[in-house]
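# What the coordinates show
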Amino acid sequence: MKGIPFLEGKYSPTLDLYPIECKEFNRIYWFYDNLREGRFTTTKCKACGKVSFPPRVICPECYSDDLEVVDLPTKGKVITIVEKWGGVPIQYKPPMIGAWIEFPDDSPVKHYFSLLYDCEKGQVQEGDEVELYVFDVSPHPIDKGRESIMKERVFFGFAPVKK
Amino acid sequence: MGNFNACVIAGGQCKWGVREASYVDLIQEAAKACVDDLPGLKPSNIDGLIFASTFVGRRSTQVNTAPVVAERVGLKPTSICTRVDVLCAGGSTGILLAQGLVESGMAEVVMVLGSEKLYTPERWQIQYDEMSAVDHEWDGPNGIGPPPVWFSVQAQEHMKTYGTTKEQLAAVSITNYKHGLMNPKGHFQKELTMKDIEEAPVIAAPLGLFDCCPLTDGAAAMVIAREDIAKDLTDRPLVYLRGGAQVSIHSAGANWPGKTMGDWPHLKLAAEKAYERSGLTPKDIDVAQTHDCFSISEIIEVEELGFCEKGEGGPFCEAGEITIGGKIPINTDGGLISSGHPFGATGIRMGTEIFKQLQGRAANQVEGAKFGLTHNLSGGNVEHTIVTYGLEPKK
């Protein structure tokens, strides 16, 4: 099989940071498809109304599997910011910058911790607005019969709002 | 099935640190230290094994671990032979499970053995492995995996909300290093000064190098026996397991339960449950081992465990209330910060220290200690585990 990162000197599959996002291996593949369209989405239970994040295949409140997709805010406010200088995993360059983000009052998800991308040291201050940031990650091969095909992947974080 | 009492009768650990040894070497050293702790105790007295380890599957490429461990340490289990994986709380979880098995009559004498071999030829891998010890699909890729990131936010929020200072964080590290001077099997035996702390590299502000526990190779073991069998095996005071609790949330990044990150209501709930089940209150606890993975952790833990008022953890620790002679001596063998933190073994080291404290044979002895408590947090602070110990059983 071609494209296995470990066999091409990249990293071991067990050390892969990101989920396998394709339909063949993940029932919430639509979340990642929506990311590609700039949407930050999750699941809402049609039976009891509970909005859950991360998205699910059952409602954690009432165990109904009758769920619908709803949009979450793509902008939030930085409450606390952190820069990590030591012990940074090799895929990242120090500092790793992350933030505890608060979403607007009407958001079903109140807070989220995210890495900040496209962001220099000292660029973001507490109270600043950040927005959803979607980026490509290494595609991953999957078996398809006797062949292997590459599946593209994306992931998300947040980034300073461009002024 | 019965309704028995469960007692700790032996405990021990191997030398912790960066070890030139494999995980099966470490578990043998720890099992020997544990059995040697009680003259006359033999592997053949033990009918059950609970092995606690999280990274053995990734770092040592061994899954289905318990039968291998049993064979290496000469046990022939007939009641239970299994592995638990609760990261930093694996050892304490094993102790709670052993208590339940012994009290129910399912087992008679159980060894709880924990081990991690974190330093392997490619030592950088552990930084990646930690991404999988939190919610791998959500929290890991978003940076919660390396613990200092997450605990820096918690420290900053506690400072903003309650006025906690860097000097108060330092007081925790200095105290625990001081306690660790008397623990030759811990990772470090070093007197830590404020100058050391001020000159140390920043890991994730406000946390510097000495605010963080090290990554450590190590193993520890404890033997828990049914009360009547314990009386046959030991002449020392019996140390009873009185009950505990484990409270878990999911996805720390999106579902943090506190008003701020400096509030840990899931620990408060675990403490309430543990006190209720053990028939104890915070004032009854004479000595405790709490999960000082970072200096800020111990400050928040003394608050949520009820040893001081919420928001007073910083001044409480700085005033010396956590050392011998203080209101509640904590981490009396050095804690994670000085002794190190081989995840699955940590709760067993803590339990063994409480066991020795209550029997009056600890290195930093709390005089007259009758009741003790251990606490672990695990997996990006999504879970809290508490075990209580006493010189008398719960009535």
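Coordinates for the structure precede this section.
These remarks concern the structure in this document. (Residues numbered from 1 in each chain as written. Chains lettered and ligands numbered in written order. Predicted model: local features only at pLDDT ≥ 70, side-chain atom pairs only at ≥ 80, totals over all residues.)

## So, the overall build of chain B
Just so we agree on the cut-off: Labels follow the DSSP assignment, with helices taken as runs of H or I lasting at least four residues and strands as runs of E lasting at least two, numbered in each case from the N terminus. Within these notes, the globule rule equals 2.2 Å times the number of residues to the 0.38 power, and the radius of gyration is based on C-alpha atoms. Three exposure classes are used, all based on how many other C-beta atoms lie within 10 Å of a residue's own C-beta (placed from the backbone): buried at 20 or more, exposed at 12 or fewer, and partly exposed between those limits.
Along its length, chain B carries 16 helices and 11 strands. The C-alpha atoms of chain B give 19 Å as radius of gyration, which agrees with the globular expectation for 395 residues (21 Å, within 12%). Dimensions of chain B, computed from the C-alpha atoms along their principal axes, are close to 55 × 45 × 40 Å. Out of the 395 residues in chain B, the part that is buried amounts to 64%.

## Digging into the sheet that holds strand 1 (residues 41–45) of chain A
Residues and elements named next belong to chain A. Here is the rule we go by: Think of it this way: DSSP has to see at least two bridges between two strands before they count as a pair.
Taking strand neighbours across the sheet as the criterion, the three strands line up as 2-1-3 in an open arrangement whose pairing is antiparallel. Either end of the sheet is taken by a strand with one partner, and the two such strands are strand 2 (51–52) and strand 3 (67–71). Judged from the two bridges that link them, strand 1 and strand 2 form a sheet pairing that is antiparallel. Looking at strand 2, one finds that T43 is bridged to S52.

## Focus on the nonpolar core
Residues and elements named next belong to chain B. For clarity, the cut-off: For our purposes the nonpolar core covers buried Ala, Val, Leu, Ile, Met, Phe, Trp, Tyr and Cys residues that link as a set through C-beta atoms within 7 Å. Note that the domain bounds were set by an automatic or database domain assignment. We call two residues in contact if the C-beta atoms placed from their backbones are at most 7 Å apart.
Membership of the largest hydrophobic core comes to 147 residues, with the highest contact counts inside it found for A30, V110, V112, L113 and I224. The greatest single-element share of this core, amounting to eight residues, is contributed by helix 1 (residues 23–36). Structurally, this core is a two-domain feature, drawing no fewer than three residues from each of domain 1 (6–122 + 216–239) and domain 2 (141–214 + 242–390). The contact partners of L113, leaving out residues within four places of it in the chain, are I27, A30, A31, L49, F51, V69, V73, A219 and A221.

## Considering the environment of B:V24
Mapping B:V24 onto the fold places it in helix 1. Between the alpha carbons of B:V24 and B:E318 there is a distance of 40 Å; along the sequence they are 294 residues apart.

## Remarks on the pairing of strand 7 (residues 218–226) of chain B
Residues and elements named next belong to chain B. For strand 7, a buried count of nine out of nine residues is recorded, marking the element as mostly surrounded by other parts of the structure. As defined by bridge partners, strand 1 (residues 6–13) adjoins strand 7 across seven bridges and the pair is classed as antiparallel. Bridge pairing in strand 7 links V8 to I224. Across eight bridges, strand 4 (residues 109–116) lies against strand 7 in antiparallel orientation. Each bridged residue has a counterpart across the sheet, and for L113 the counterpart in strand 7 is A221.

## Re the environment of B:M222
Residues and elements named next belong to chain B. Structurally, M222 can be placed in strand 7. We classify M222 as buried; it has 29 C-beta atoms within 10 Å. When sequence neighbours within four positions are dropped, the list of residues in contact with M222 reads V8, A10, G11, C34, I95, V112, I348, G351 and T352.

## Digging into the interface of chain B and chain A
The test is simple: Following the grouping adopted for this structure description, the nonpolar residues are Ala, Val, Leu, Ile, Met, Phe, Trp, Tyr, Cys and Pro, the charged ones are Asp, Glu, Lys and Arg, and the polar ones are all others, Gly among them.
Each partner contributes to the interface: chain B provides 30 residues, whereas chain A provides 27 residues. Elements with a contribution of two residues or more to the side of chain B that touches chain A: helix 5 (125–129), helix 6 (140–144), helix 7 (147–162), strand 5 (202–204) and helix 11 (252–255) of chain B. With six residues, helix 7 of chain B is the single largest residue contributor to the side of chain B that touches chain A. Grouping the constituent residues of the side of chain B that touches chain A by class yields 18 nonpolar, nine polar and three charged.

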